[in-house]
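# Coordinates in review
One letter stands for each residue in the lines below.
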Amino acid sequence: MKLVGIVGSNAAFSYNRLLLNFIAKNFKKLIDVEVLDIKDVPMFNQSDDQTNSEVIQNLNKKITEADGVIIATPEYNHSIPSALQSVLEWLSFKIHPLDGKPVMIVGASYDVQGSSRSQLHLRQILDAPGVNAVVMPGNEFLLGEVYEAFDENEDLKDAQTVQFLETCIKKFIRFINVVNVLQSPEGMKDLSDTEDLYATGAIDTTVEGIDMSADDWLEQAAEATQAVEGNTYVKLNRGLLTVNQLNYFLNSMPAELTYADSNNQFLYYNHHMEKEDMLAGRRPEQVGSPLAECHPERVFSGVSWVIQQLRSGKQDVVRTQVPTHGPDKFVVHSYQAVRDDNGNYLGINEYVQDIQPVIDWYLEQTGQQLTGGGVDAVSGATSKVDTVSGATAKA
Amino acid sequence: MKNFISILGTNSDHSTNRLLLQFIQKHFKDQANIEIFEIKDLPAFNKPEDRKAPHGVQELADKIREADGVIISSPEYNHSVPAALKSTLEWLSYTNQALIDKPVMLTGASYGKLGSSRAQSHLRQMLDAPELKARIMPSSEFLIGYSLQAFDDNGNLTDQRKIEALKRIFNDFVHFVDITNQLVNAKESQQKQAPSYSWEAK
C-alpha cells in the first residue's frame, strides 16, 4: 500500500518530519511511505497562480497516485502552520488531488497538548468542499513534549506510544480499504466500461479465426496452432516435462487454478474435478470464452475493478473470502497478477483454496489456539466479497 | 480620536475585505484614524533560527504597538483564514509579540452566504493562543456575505442594516479599547508571562 507523508512544517528542523520518517521506517512491512517536504512551496496567492510550478505539480502527482495520505502537523498559535495551510490552498484552488483521498492526521508539539488544537483545525480544513478529503475519524495520535520522545537513532522511545501508533496505522489501512469500497463498484460508479470483458481485441498469443464461445474452442485452437500434447517434451524454466507430466503436476496443486490472459480470455483451468465438486465451478466447454461469458452481467463492474487493480499495478493480488461454503471451510479466491520478466501484465492467475486445513494443521503442530478478536485482520479485503464471488460458471 | 491599524487578511489583488476596510476607514474618520496595512509583500513564515522579524513584519509590529487598537478583516479559505494572514500572525508571535494585550476587532467578508463565519472562529482561537494573547472583543461578530454585491460603485455598503450593525460594533470597540487598557493588573501579569513563553520551551 503506497502512502504519502506530508511534513506540515517548513522549518529547517521539524519533529514532525522525524515522526513521519519513523513511521516510514518502523512500519515498512505494513505500508510504503514516501515523506514529502513542503518547504519549497510558495505562499498561496490567488492573484499569482503557480499551480503549474514543479513543486506543486509534484505534490499533486504523488498524492493522486497514493492510496492514502498521512499529514503530520505541529501547532502554531492553536492552529496549523501557514506553510501547511498554503499547501492546502494550492491543492484546493485549480487542482483537487485530495478529493476523496483517505487522510490520517498525526502531530507532534513541544508542549503537552501535542498539537491537539491544530489537529481539530486541520480536520475542519480538510472537510472544506474545495479540499474534500476523507479524514479517518478518531484514532487521534498526539505526541506532546516531543523534545523527549526520540532516542539518538530517531526512534520513538516509548513502547506503548509505538504500539498505539501501530494500532492507528493498522486502522488506517483498513480505513483506506473501506474508502476504496465506497468508491469502487459497490458505490455509485459503474466500472464495466474500463475493461474489454468481451475480449474483442487480440494480443500476440490470441488464436485468431476461432469462435471463442464455441464449446470445442480448445480442440479447434489446438489444431490451428498444432499444439503438442501427451508425451511430447516441453522445455520450461527450469526443467523438462512432458505435457502429461505438466498436467498431472498442475492438477496436484492444492488449489483450483485458472488462467485468463491480458485480453480477458479464459484460457485454462486445472481440470480434474467435475464442476459440482469444485469450490468455484468451471465446465470444460467454457475454456476459450471471453470473461464476459463466464460472469453474470451484474458483476461486470466488480470484475473490471479487480482486473484494473492488477493491470494498473495498484495491487499484485486481490483476495476475497467466499463465505457460502459453510463454517468448516475458509475459501479464499486470490486474483494474482501474472507478469513477464519486465513486469508487463500478462493476465490473471486465479487460485481458489480452502485454507482451513492449513490453519488447523498449524494450530495442531504448534499447540497454539486462536483467541477471539486477537487476530488483527489487516487486509480488510473481505468487504469485496460480492463484487467477485460470481467469477465462476454462469450456469 | 483613536488611532487604529487595520490588517487586510489576504494577499490577493482583488478583495472585498479591502473594500470593507476602506469603507470603515472612511465611515468612521471622525472617530478614528485608521491605517490599512497590506500583508501581501511579507515573506512566508519559516521559523528562522535567529528569530529576527523581517523588515515588513517589524514595521507592522511598530504600527501595532503605537496603535490604540487593531482591526483584522479576513476572507475565508477552506473553512479557515488564508495562509498569508496566518503567516503574518506567526511572524508576530514568533518574533516581537506585538499583539499581546492589544484590543482587536474582527470583521470579514466572503463571496458566499456565510460571510467568513468559520474563518473568524478560527481567527479568534488563534489570537487567544499564549504567544499572541490579543484582547479580542467578545460577542461582536461582523460578517458580510455575498460581498461582491454588498458595495456600490463608491465603495459604500448598500445595506443600511449592515451599516447600523457595524456602527454599534465600532462604537463598542472604542469603549472596549479604553476598558482593556484599564485592566492594568491583569495586563502586567500577562506581560510577565507571555514573553517567557517560547515555541520551544520545556
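Residues numbered from 1 in each chain as written. Chains lettered and ligands numbered in written order. Predicted model: local features only at pLDDT ≥ 70, side-chain atom pairs only at ≥ 80, totals over all residues. Heavy atoms only, no water.

## Considerations on the overall build of chain A
Note the cut-off: In this description a helix means any DSSP run of H or I spanning at least four residues, a strand means any run of E spanning at least two, and both kinds are numbered starting from the N terminus. To sort residues, take the accessible area from a 1.4 Å probe on protein chains only and compare it with the maximum for the residue type: under 20% means buried, over 50% means exposed, and anything in between is partly exposed. Areas reported here follow the Shrake-Rupley algorithm with a probe of radius 1.4 Å; residue values treat only the protein chains shown as occluding.
Scanning chain A for helices and strands turns up 10 helices and 13 strands. On the principal axes, the C-alpha backbone points of chain A span a range of 75 × 60 × 40 Å. Within chain A, the fraction of its 395 residues that count as buried is 48%. When the accessible area of chain A is evaluated, it comes to approximately 19,800 Å², of which 49% is carbon and sulfur surface.

## Observations regarding the sheet that holds strand E9 (residues 256-261) of chain A
Residue and element names in this part refer to chain A. For the record, the criterion: Pairing between two strands is assigned when DSSP locates at least 2 bridges connecting them. Here, axes are lines fitted to C-alpha atoms. For helices the fit covers the stretch in contact, and angles between N-to-C directions go from 0 to 180 degrees.
Taken in spatial order, the 5 strands of this open sheet run E10-E9-E13-E12-E11, and their pairing is antiparallel. At either end of the open sheet lies a strand with only one pairing partner, and these are strand E10 (266-269) and strand E11 (317-322). Taken over all neighbouring pairs, the strand axes of this sheet differ in orientation by 20° on average, direction set aside. Pairing between E9 and E10: 3 bridges, direction antiparallel. Residue pairing across strands places Ala260 opposite Phe266, the latter belonging to E10.

## Brief notes about the nonpolar core
Residue and element names in this part refer to chain A. Test applied: Think of a nonpolar core as a cluster: buried Ala, Val, Leu, Ile, Met, Phe, Trp, Tyr and Cys residues, connected wherever their side-chain atoms sit within 4.5 Å. In this description, contact between two residues means that some pair of their heavy atoms is separated by no more than 4.5 Å.
Counting 35 residues, the largest nonpolar core has Leu19, Ile23, Phe150 and Leu156 as the members making the most contacts within it. Counting residues per element, the ones that place at least two in this core are strand E1 (2-7), helix H1 (15-26), strand E3 (68-72), strand E4 (102-108), strand E6 (141-143) and helix H5 (159-183). Counting residues per element, this core draws most heavily on H5, which supplies 9 residues. Among all residues touching Ile23, those that are not within four sequence positions of it are Ile31, Val33, Ile70, Leu165 and Ile169.

## Some thoughts on the pairing of E3 of chain A
Residue and element names in this part refer to chain A. When you tally the buried positions in E3, you get 5 out of 5 residues, the bulk of the element. Here E3 shows a buried face lined by Gly68, Ile70 and Ala72 and a second buried face lined by Val69 and Ile71. In this structure, E3 lies alongside E4, joined through 4 bridges in parallel fashion. Counted as the bridge partner of Ile70 is Met104 from E4.

## Topic: the packing of helix H2 (residues 55-66) of chain B against helix H3 (residues 83-94) of chain B
All names here are of chain B. Put simply, the rule reads: Orientation is classified from the angle alone, with under 35 degrees giving roughly parallel, over 145 giving roughly antiparallel, 65 to 115 giving roughly perpendicular, and any other angle giving oblique. In the scheme used here, Gly and all other residues not listed as nonpolar or charged are polar, with Ala, Val, Leu, Ile, Met, Phe, Trp, Tyr, Cys and Pro taken as nonpolar and Asp, Glu, Lys and Arg as charged.
Closest axis-to-axis distance for the H2/H3 pair is 10 Å, and the angle between their directions is 75°. Judged by the inter-axis angle, H2 sits roughly perpendicular to H3. Across the interface between the two elements, Val57, Leu60, Ala61 and Ile64 from H2 touch Thr88, Trp91 and Leu92 from H3. A per-class count over the contact of H2 with H3 returns 6 nonpolar, 1 polar and no charged.

## What about the side chain of Ser93 of chain B?
What counts is decided by this rule: Pairs of N or O atoms are called polar contacts if they sit within 3.5 Å, as long as, within protein, a hydrogen donor faces a hydrogen acceptor (for residues adjacent in sequence, only side-chain-to-side-chain pairs).
Among the structural elements, Ser93 of chain B can be located in helix H3. One polar contact links Ser93 of chain B to Asn77 of chain A, side chain to side chain, over a distance of 3.2 Å.

## What about the domain arrangement of chain A?
So the rule is basically this: Domain extents, as shown, originate in an automatic or database domain assignment.
Taken domain by domain, chain A comprises domain 1 (2-183) and domain 2 (193-388). Look at where the C-alpha atoms of domain 1 of chain A and domain 2 of chain A centre, and you get two points 39 Å apart.

## Some points on the confidence of the model for chain A
Quick reminder of the rule: For every residue, the pLDDT score states the predictor's confidence, bounded by 0 at the bottom and 100 at the top.
Here chain A shows a mean pLDDT of 90. Residues at 70 or above account for 92%. Below a pLDDT of 50 lies the segment residues 373-395 of chain A, which in the model reaches 57 contacts outside its immediate sequence neighbourhood of four places, other chains included.

## Looking at the interface of chain A and chain B
Quick note on the threshold: The term buried area means the drop in 1.4 Å probe accessible area that two parts suffer when joined, counted for both and summed. For salt bridges, the criterion is a side-chain nitrogen of Lys or Arg within 4 Å of an Asp or Glu carboxyl oxygen.
Across the boundary between the two partners, chain A contributes 30 residues, which contact 34 residues of chain B. Carbon and sulfur atoms make up 51% of the surface buried where chain A meets chain B, a total of about 2,700 Å² over both sides. When residues of chain A are sorted by the area they lose upon contact with chain B, Tyr76, Asn77 and Tyr110 of chain A head the list and together hold 25% of the total. Taken together, the connections running from chain A to chain B amount to 0 salt bridges. Joining chain A to chain B, the criterion identifies 19 residue pairs in polar contact (both at pLDDT 80 or more). Taken together, the elements giving at least two residues each to the side of chain A that touches chain B come down to helix H3 (82-90) and helix H4 (116-126) of chain A. Of all the elements, H3 of chain A adds the most residues to the side of chain A that touches chain B, at 5 residues. Looking at the side of chain A that touches chain B residue by residue, the class counts come to 13 nonpolar, 14 polar and 3 charged.

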